[in-house]
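Observations on the model geometry
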Amino acid sequence: MKELVEVIAKALVDHPEEVVVTEREEGRKTKIELHVAPSDMGKVIGKQGRIAKAIRTVVKAASSKEDDFVDVDIVD
């Protein structure tokens, strides 16, 4: 799932070299943290959080095949 979030984020931002994705396992739950440049934060979140919600939806759909719960956090 880490790679999926990284590919999506790099396609959205102006500074793809500053995209950092970390992944932590917590039992059956996986937490993914997305770090982007401050100038790209708006592009990743989108108007009213629509892009962030879409990223979470895609990751949730992909993780349901693996019977795993994934939580995506966008961190500044």
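For the structure itself, consult the block above.
Note that the structure is a prediction, hence the values are computed from the model and not measured.

As enumerated under the stated definition, the model contains five salt bridges in all. Residue Asp14 pairs with Lys43 through a salt bridge whose shortest N-O separation is 2.7 Å. With a gap of 29 residues between them, Asp14 in the loop between helix H1 (2–12) and strand E1 (20–26) and Lys43 in helix H2 (residues 41–45) connect regions that are remote in the sequence. Judged by relative accessible area, Lys43 falls into the partly exposed class, the value being 33%. Close ionic contact of Lys31 with Asp73 constitutes a salt bridge, the shortest N to O distance being 3.3 Å.

The next subject is the sheet that holds strand E3 (residues 69–75). Strand order in the open sheet formed by three strands is E1-E2-E3, and the pairing between neighbours is mixed. The sheet terminates laterally at E1 and E3, the two strands that pair on one side only. Going from strand to strand, the sheet's axes swing by 20° on average, the running direction of each strand aside. Bridge analysis of E1 against strand E2 (residues 29–35) gives seven bridges, and the strand direction is antiparallel. What sits directly across from Glu25, in E2, is Thr30.

So, how was this worked out
- Residues numbered from 1 in each chain as written.
- Predicted model: local features only at pLDDT ≥ 70, side-chain atom pairs only at ≥ 80, totals over all residues.
- Heavy atoms only, no water.
- Salt bridge = Lys/Arg side-chain N within 4 Å of Asp/Glu carboxyl O.
- Helix = DSSP H or I, 4+ residues; strand = E, 2+ residues; numbered from the N terminus.
- Buried < 20%, exposed > 50% of the residue type's maximum accessible area, 1.4 Å probe, protein only.
- Pairing = 2+ DSSP bridges.
- Axes fitted to C-alpha atoms, helices over the stretch in contact; angles between N-to-C directions.

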